[in-house]
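Observations on the three-dimensional arrangement
Spelled out from the first residue to the last, the chains are:
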Amino acid sequence: MNLLEHIGKYTLLVKRSFSRPESHKVYYKRLVTEMELLGINSTGIVAIISFFMGAVITIQTAYNTESPLFPAYLIGLAARDAIILEFSSTIVALILAGKVGSNIASEIGTMRVTEQIDALEIMGVNSAAYLILPKIMALIILAPFLSMLSMVVGVIGGWIAGTTVGVVTTPDYIYGIQYVFIPYYIVYSLIKSVVFAFIITTVSSYHGYYTRGGALEVGRSSTLAVVHSSVVILLFNLILTQLLLS
Amino acid sequence: MIEVTHINKSFDGQPVLNDISVSFEQGKTNLIIGRSGSGKTVLLKCIVGLLETDSGNIFYSGQCFTSMNRKEKQKIRQGFGMLFQGAALFDSLNVEENVRFKLDMFTTMTPKEKSERVDFCLKRVNLAGKNRLYPAELSGGMKKRVAIARAIVLNPRYLFCDEPNSGLDPQTAIMIDKLISEITKEFNMTTLVNTHDLNSVMEIGEKVVYIHEGNLWWEGTSEEILETDNPELNDFVFATKIVKQLKKLDDI
Ligand SMILES: Nc1ncnc2c1ncn2[C@@H]1O[C@H](COP(=O)(O)OP(=O)(O)O)[C@@H](O)[C@H]1O
Ligand SMILES: [Mg+2]
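What this report covers is the structure whose coordinates are included nearby. (Residues numbered from 1 in each chain as written. Chains lettered and ligands numbered in written order. Predicted model: local features only at pLDDT ≥ 70, side-chain atom pairs only at ≥ 80, totals over all residues. Heavy atoms only, no water.)

Comments concerning the overall build of chain A
The condition that has to hold: Working definition: helices are DSSP H or I runs of at least four residues, strands are E runs of at least two. Numbering for both runs from the N terminus. Per-residue accessibility, obtained with a 1.4 Å probe over protein chains only, is compared with the maximum for each type, and a residue is labelled buried under 20%, exposed over 50%, and partly exposed between these values. Note on contacts: a residue pair qualifies if any of its non-hydrogen atoms lie within 4.5 Å across the two residues. Accessible areas in this description were obtained via Shrake-Rupley with a 1.4 Å probe; residue shielding takes into account the shown protein chains only. This count recognises Lys and Arg as positive and Asp and Glu as negative, with His and chain-terminal groups excluded. For charged residues, the charge sits on one atom: NZ in Lys, CZ in Arg, CG in Asp, CD in Glu.
Scanning chain A from N- to C-terminus turns up nine helices and zero strands. The linear arrangement of helices and strands in chain A, starting from the amino end, is α-α-α-α-α-α-α-α-α. Seen through its C-alpha atoms, chain A measures out along the principal axes to roughly 70 × 40 × 35 Å. A total of 246 residues make up chain A; the buried ones form 47% of that total. Within chain A, residue pairs in contact and separated by at least 24 positions form 88% of the contacts whose partners lie at least 6 positions apart. Entry remark: accessible area of chain A is about 11,400 Å², with carbon and sulfur atoms responsible for 72%. Side chains of chain A carry 14 positive and 13 negative charges; the gap between the two charge centres is 8 Å.

Structural notes on the nonpolar core
We count it as follows: Throughout, nonpolar core names a set of buried Ala, Val, Leu, Ile, Met, Phe, Trp, Tyr and Cys residues whose side chains join them through atoms within 4.5 Å. The start and end points of each domain follow an automatic or database-based domain assignment.
Core analysis: the biggest nonpolar cluster contains 71 residues, and Tyr130 of chain A together with Ile2, Phe24, Ile47, Tyr60, Phe101 and Phe160 of chain B have the highest contact counts within it. Per-domain counts for this core show at least three residues from each of domain 1 (2–79 + 158–251) and domain 2 (90–155) of chain B. In contact with Ile47 of chain B, not counting residues within four places along its chain, are Ile2, Val4, Phe24, Ile58, Tyr60, Phe65, Phe160 and Leu192 of chain B. Val193, Val208, Tyr210 and Leu233 of chain B belong to the second largest nonpolar core, which has 44 residues in total.

Quick notes on the packing of aromatic side chains
Centre-to-centre distance and the angle between the planes together describe a pair of aromatic rings. All names here are of chain A. The condition that has to hold: Classification of ring pairs uses Phe, Tyr and Trp, with its six-membered ring standing for Trp, and accepts pairs whose centres are within 6.5 Å; under 30 degrees between planes counts as stacked, over 60 as edge-to-face, and the remaining range as tilted.
Taken as a whole and assessed by the stated rule, the structure comprises 17 aromatic pairs over all chains. Look at Tyr73 and Tyr175: their rings are 5.1 Å apart centre to centre, the planes differ by 80 degrees, and that puts the pair in the edge-to-face class. Taken as a pair, Tyr73 in helix α4 (residues 73–113) and Tyr175 in helix α7 (residues 170–178) lie far apart in primary sequence, 102 residues in all. Its relative accessible area of 44% is what places Tyr175 among the partly exposed residues. Summarising the aromatic geometry, the rings of Tyr209 and Tyr210 are spaced 5.3 Å apart at their centres and angled 80 degrees between planes, so their arrangement reads as edge-to-face. Overall, Tyr209 belongs to the buried group, its relative accessible area being 3%. Residue classification places Tyr210 among the partly exposed residues on the basis of a relative accessible area of 33%.

A look at the sheet that holds strand β2 (residues 14–24) of chain B
All names here are of chain B. What counts is decided by this rule: In this scheme, strands are said to pair when DSSP sees at least two bridges between them. A fitted line through C-alpha atoms serves as each axis, taken over the contacting stretch for helices, and the angle formed by two N-to-C directions is quoted from 0 to 180°.
In spatial order, the strands read β2-β1-β4-β5; together these four strands make up an open sheet with antiparallel pairing. Only two strands of the sheet have a single partner each, and these edge strands are β2 and β5 (63–64). The sheet contact formed by strand β1 (residues 2–11) and β2 spans seven bridges and is antiparallel. Its bridge partner being in β2, Val4 is matched across the sheet by Val22. Set on the sheet, helix α1 (residues 40–48) makes contact with β1, β2 and β4 (55–60); between it and β1 the angle comes to about 120 degrees.

Let's talk about the interface of chain A and chain B
To keep it simple, the criterion reads: For any pair of parts, buried area is found by adding up, for both, the accessible area (1.4 Å probe) each one loses once the two are put together. Any Lys or Arg side-chain nitrogen found within 4 Å of a carboxyl oxygen on Asp or Glu counts as a salt bridge. Pairs of N or O atoms are called polar contacts if they sit within 3.5 Å, as long as, within protein, a hydrogen donor faces a hydrogen acceptor (for residues adjacent in sequence, only side-chain-to-side-chain pairs). As a working rule, the residues Ala, Val, Leu, Ile, Met, Phe, Trp, Tyr, Cys and Pro are called nonpolar, Asp, Glu, Lys and Arg charged, and the rest polar, with Gly in that last group.
Taken together, the contacts link 20 residues of chain A with 23 residues of chain B. Both faces combined, the contact of chain A with chain B buries some 1,900 Å², and carbon together with sulfur accounts for 61% of it. Sorting the residues of chain A by area buried against chain B places Glu115, Ile122 and Met123 of chain A first, and these three jointly supply 36% of that buried surface. Our enumeration of links across chain A and chain B arrives at four salt bridges. Note that Glu121 of chain A and Arg77 of chain B form a salt bridge whose closest N and O atoms lie 3.7 Å from each other. At the boundary of chain A and chain B, one finds seven residue pairs in polar contact (both at pLDDT 80 or more). For the side of chain A that touches chain B, the elements supplying multiple residues, two or more each, are α2 (24–39) and α5 (116–122) of chain A. Here the element with the most residues in the side of chain A that touches chain B is α5 of chain A; it accounts for six residues. A breakdown of the residues in the side of chain A that touches chain B according to their chemical character gives nine nonpolar, five polar and six charged.

Overview of the sheet that holds strand β3 (residues 29–33) of chain B
Residue and element names in this part refer to chain B. The mixed open sheet is built from six strands, whose spatial order is β6-β7-β8-β3-β9-β10. Where the open sheet ends on each side, the last strands, each with one partner, are β6 (80–83) and β10 (215–221). For this sheet, the mean inter-axis angle between neighbouring strands, taken without regard to orientation, is 15 degrees.

Examining the site of ligand 1
Residues and elements named next belong to chain B. To keep things clear, this is the line we draw: Note on terminology: near, applied to a residue and a molecule or strand, indicates that one of the residue's heavy atoms is within 4 Å of it.
For ligand 1, the full set of nearby residues is Phe11, Val16, Arg35, Ser36, Gly37, Ser38, Gly39, Lys40, Thr41 and Val42. At 2.7 Å from an oxygen atom of ligand 1 is found a main-chain nitrogen or oxygen belonging to Gly37. In the environment of ligand 1, an oxygen atom lies 2.9 Å from a nitrogen or oxygen atom belonging to the backbone of Lys40. Out of a free accessible area of 560 Å², ligand 1 has 57% covered by protein chains.

And the structure:
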């Protein structure tokens, strides 16, 4: 299959996912389950990675700006902007593509090869809507929170590491993270995180839903889900940056 | 009543079903038999619409299923029950939730009514009290029985079974066969069963359809099958030594 066919099939699947649910109650329950599975269970990894990335960004900025020409508050400023603009949305999305994307593709792929999706269809249930829509909604709702969590923990990580290593003082760092603060950057970052959540859930669901064969192919779908979500995220990162910041 | 008229199906130019026309009656256990790879599963999946046919029509009680849109098909399918070869229970749901699934999805029953209905169906397949177990904790035979309970929970008009006793020991297999045959009568369903098991043919077959390399080769009753002089069907029926011996005894 060529790229255009994939995009066509993907679009139809996404469209089919957004149809009226057979039972609102069942879908609401599914949404809550998925929010826990995809979102809440990802807070740990997001927090850990954000903390260390914040720490490393701060220390690296400090060592690269050791010239007296640079004021000390620049360290906090640079760390803040790196975290808010790129890190908390794009890098977190790439990490989620690995964790959540492979999880979605293998779950739906297994349901496909064990005929559970056929079983849903035979019952008269729209399997795409039942399986995929709650996942999309769950991650779209939670992605901004994960993103904000990442920002906060990243900035804290930078502060703890910077002051522990002694490259920056607490007042300088705090002055830096407040210096010429542009609130729109946060909006920009949250918009990106929502778009990335949509990409991760739909691309991974697509790979899972159209798995053919057995266990081996489920593994393959899972890998493809991660690779393709990541590439699409990077592409849209470029597009969105141009659209939102220019 | 299900009518199939002139259906053809091929995969990548490789024909799998050739011009099959056949009808299946209500209240009867209709068997589709044939060797492995003869196209039984493909035929069943075409009939329920999981696979699209290349040509031909399928009628449910006179309504043309093939020309329906997605929504209309979904409506008809709410009257389907299907038993998949691997049971296809939902892994993430326990036995009760699996059986209750269609009630949650399509009815406005109260929780009490639902749990009564679930218990009734589980009792019917001899699995009373197993409500809290997960599919991974069940044996092959139990999975099939849960799948039957799930299939009959909304009183289906049509029941489809793909190799319901594959991978089961002979006694469990006979039990599953009997269960299918009994519920067919109880609910007055049109039941289609795919099998390559001659035991099933003798035990529960009312109408039998023999598929040979994607062609409808023979149809008749399970009594007629032993008398047939159709060479391919004879080869299929008398493949095992034990059946051959029986035939000899019969001839004496
Ligand atoms: N999805 C598919 N793609 C290509 N070929 C298929 C597919 N499904 C079944 N076939 C082929 O159709 C033939 C009949 O298969 P099937 O109906 O599964 O046989 P059985 O009678 O054992 O159930 C086989 O030769 C099989 O390889
Ligand atoms: Mg088969």
